[in-house]
Amino acid sequence: MVGVFVRLKARLIANGLRTGGSQLFGFVVGLVFAVLLAIVGFASLAAARANPVDGAVLTSLVTTAMVVGWVSFPVLGFGSDETLDPTRLALLPLTRRQLMTGLLAASCVGVAPVATGIALAGAAVGFAPIGIGAVLVALAAALHLALCLVLSRTVVTALSAALRSRRGRDLRILLVALVGFLPQLLRFVTVPGGSPGDLGALRGTARVLGWFPSGWAARAMASSRAGHLGPAVLEIAGLAVTIGLLLWWWAVTLDRLNTTAEAGATAPRPARRAVEPLFGGGLGLLPRNRPGAVAAREVRYSWREPRRRVALISGMLLPFIVLAGVISRGGLHHRGVVYACLLVTLGVGNRALNHFGLDGAALWVHEAAGSDLRADLSGKNVSILLTTLPVVAVTGVILAAVSGGWPDLAVAMVLAVGAIGVQLGVGNVTSVRMPVPVPDNPGNLWSTSSGQGCIVGLLSMTALAIEGLLVAPVALAVALTPSTAARLGEAIVGLVYAGGLWWAGLALADRAGRNRGPELLEAVSPRRAA
Amino acid sequence: MSVESGTVPSGRPGLPAVALRGLTKRFGAKLAVGGISLDVPHGSFFGLVGPNGAGKTTTLRMATGLLRPDSGGVWIDGLDVWHEPVAAKRMIGVLPEDLHLFERLTGAELLTYHGLLRGMPIAVVRARSEELLAVLGLVDAAATMVVDYSHGMRKKIALAAAVLHAPRVLFLDEPFEAIDPVSARAIKGVLERYTSGGATVVFSSHVMELVEGLCDRVAVIHAGQVVADGSLDEVRGGRSLEDAFVSLVGGAEVGAEGLGWLASSSG
């Protein structure tokens, strides 16, 4: 049975590569990372030979990071490895023992387990003394790998129902995106401290990490090397007991998962009546017509639809990055800093580039009701204005408050509306001229259909360049004008100019898309079998 | 009653509710629909039957203006769907098979959205939505997002959205596919109420019992062609519709030969 599972996993990986496109890309990216991590891990563990104290700290950090990675990756990428979901195998006549050994064996196949193994092999260089201690170090490394595998399976099984539910999937998309966003945020937020080679500051952290089972292997290695065989044996025994307990827990959750029905995802929520459908929650001022309905739906979607929620939250985090950037450059006392709030509008360009791609196959609803691109695009544009302008305004007010640049706030706001208008105008044309389907695949981190990521990137850069050229005259004029009142005048002229560009974009899009509704629908729908 | 391909209906009185003429659609090398011509009389409950992959869905998508045909035309009550799309689409309601909806809206929001897209006054939309939600048993789910609906609930909310603007012709693609009996009865109830006022329903299915129970006219499609078209009795020819269907599309009967082991399985 173990052989069957191993072949299944190998076949799944191979077939994934054969489909090419995003899966292949994901695999290659994963491979590059795995090779890097294997090298870094191996080097960190091996470093203990030259410098036992710092090496022990590094080992503790690296082994803990391994466990964290083994737990978080499957949880965030659930669905990318089909053997992870035990309910797929629930109907096969397998005993629990067969299922568990099979799944564990499947876990050993792949890039990640090999990389982990290579990294742990560094312990042989870094820690192995002569004699019985060498056996203990090898045992600790082997048990640590086992801990990673078993813990990962156990957590995924325990969370399986939650991860498969719609809310779980939505949350995962958000977490994945935010994890990707984190480094950018940290780059601005972290204050540079001690020198990079100094591990002394991390000694406390390493000691705390050593209290948990994820750090016991590192402790056992250090003890073995130091010749403290008693503590080393105890730490290894503790690790073995932990693995045993995890196996027991995994067995129990597997049984429960495969024999109980899923909690009703469709259980109706208590009806919240008395709110007008679609226009509740602050959208009451929108007109009750087609553009108004589209705008209201888009605003709701910007929060309810996970991919757009990511865009919205990134948009909301952008001001903090701008603020951090301003503070770190010591620009707080410069009045012109208010204009930094315009950076927040930069996110609009990408959100507006492919309006209909985000609607996907549901676009038939618009087509069946009779195409009206002008109304639909206007509604979509209003929704972007409604979700962006408040963030720009708040950022502007904060920047004005800290820098005292109040007189320029009005100029900045007028410019912001203009900048959004220009980007919407360009976006309307690209949305109709170059619609791109956006696959709805939460298991795939690189969620563009095969071969189109590059086109989308090019399109996005070209649009940004065009928008830059269109905005440049106004930006230049405002930047070169000394008096605030004159700047306000120029900004208002710029707003009229931007309004004209927006209107032209809308008209161009309308003309390009007239009587092309079915083709637009076809272009944004996932490929259907004839 | 089938009409020669190429003749275009003209003159309003006596016009069919739906007229398809020489509809053709090719996907790459595969001919999905090869020149379908059909007339659907006013007030009829018209069944479009055929095996999987026969071209039913493609035909319905072309008839409702969602997929451009390679050649041929569609007229709804004399209005050309592909040349007067806005006026023609005002008269039709669509329930597609794949049920792609704006599913991050609640049921009530979805109906409001569909109504406003069609330019209906908000008060009418609100009144009709409440009535439809009540009749289809969706009042408790009105504030739940459609993405969390069961399959039957999705069919029901999609049907409500399709009839909201009281269209003259309703196109339903597999409306009873994978539906529980309670939801099916609710859908049938709405459809019967709808046709009693003289409206026309065109629906595709491969469940012959349903078609026999509901339809007065039937067209059998096979490999992109109409192989039979007429009243239910004409098409049946004294047999059950299922027998007539199988003989028309040439299905293989499972005979006594082969699979002997299946009969002797002892568990």
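Because the structure is a prediction, the values reported are computed rather than measured.

Peer 1: Before we move on, can you summarise the overall build of chain B with the specific residues and values?
Peer 2: Within chain B one finds 10 helices and 10 strands. Compactness check: chain B gives a C-alpha radius of gyration of 20 Å against a globular reference of 18 Å for 267 residues, within 12% of the reference. By residue count, 46% of the 267 residues in chain B fall in the buried class. Within chain B, counting contacts between residues at least 6 apart in sequence, those at least 24 apart form 68% of the total.

Peer 1: An account of the sheet that holds strand S8 (residues 200-205) of chain B is needed here, citing residue identities and associated values.
Peer 2: Residues and elements named next belong to chain B. Here 6 strands make up an open sheet; going across it, the order is S6-S7-S8-S3-S9-S10 and the pairing mixed. Edge positions in the open sheet fall to strand S6 (92-95) and strand S10 (225-231), since each of these has one partner strand only. Between one strand axis and the next, the sheet turns by 15° as a mean value, whatever way the strands run. Taken together, the 5 bridges between strand S7 (residues 169-173) and S8 define a ladder with parallel strand orientation. What sits directly across from Asp 173, in S8, is Ser 204.

Peer 1: Pulling in residues and values, what's your account of the confidence of the model for chain A?
Peer 2: Detailed reading of the predicted model is not advised wherever pLDDT is low. All names here are of chain A. Residue-level pLDDT values for chain A average 83, and 86% of them are 70 or greater. Scored below 50 in pLDDT, residues 189-196 shows 2 contacts in the model against residues more than four places distant or in partner chains. With pLDDT under 50 throughout, residues 442-450 is counted as low confidence; its partners more than four residues away or in other chains account for 27 contacts.

Peer 1: Before we move on, could you go through the interface of chain B and chain A and cite the residues and values that matter?
Peer 2: Listed per partner, the contact involves 40 residues of chain B and 32 residues of chain A. When residues of the side of chain B that touches chain A are traced back to their parent elements, those giving at least two are strand S2 (30-40), helix H2 (85-90) and helix H3 (107-117) of chain B. For the side of chain B that touches chain A, a count of residues per class yields 21 nonpolar, 9 polar and 10 charged.

Peer 1: Quick one: what's the story with the pairing of S6(B), residue by residue and with numbers?
Peer 2: Residues and elements named next belong to chain B. Burial of the side chains of S6 extends over both faces: Ile 92 and Val 94 are buried on one face and Gly 93 and Leu 95 on the other. Bridge count between S6 and S7: 4 bridges; the pairing is parallel. Opposite Ile 92, over in S7, you have Val 169 as the bridge partner.

The rules behind each value
- Residues numbered from 1 in each chain as written.
- Chains lettered and ligands numbered in written order.
- Predicted model: local features only at pLDDT ≥ 70, side-chain atom pairs only at ≥ 80, totals over all residues.
- Helix = DSSP H or I, 4+ residues; strand = E, 2+ residues; numbered from the N terminus.
- Rg over C-alpha atoms; globule rule 2.2 N^0.38 Å.
- Buried ≥ 20, exposed ≤ 12 C-beta atoms within 10 Å, placed from the backbone.
- Contact = placed C-beta atoms within 7 Å.
- Pairing = 2+ DSSP bridges.
- Axes fitted to C-alpha atoms, helices over the stretch in contact; angles between N-to-C directions.
- pLDDT = per-residue confidence, 0-100.
- Nonpolar A, V, L, I, M, F, W, Y, C, P; charged D, E, K, R; others polar.

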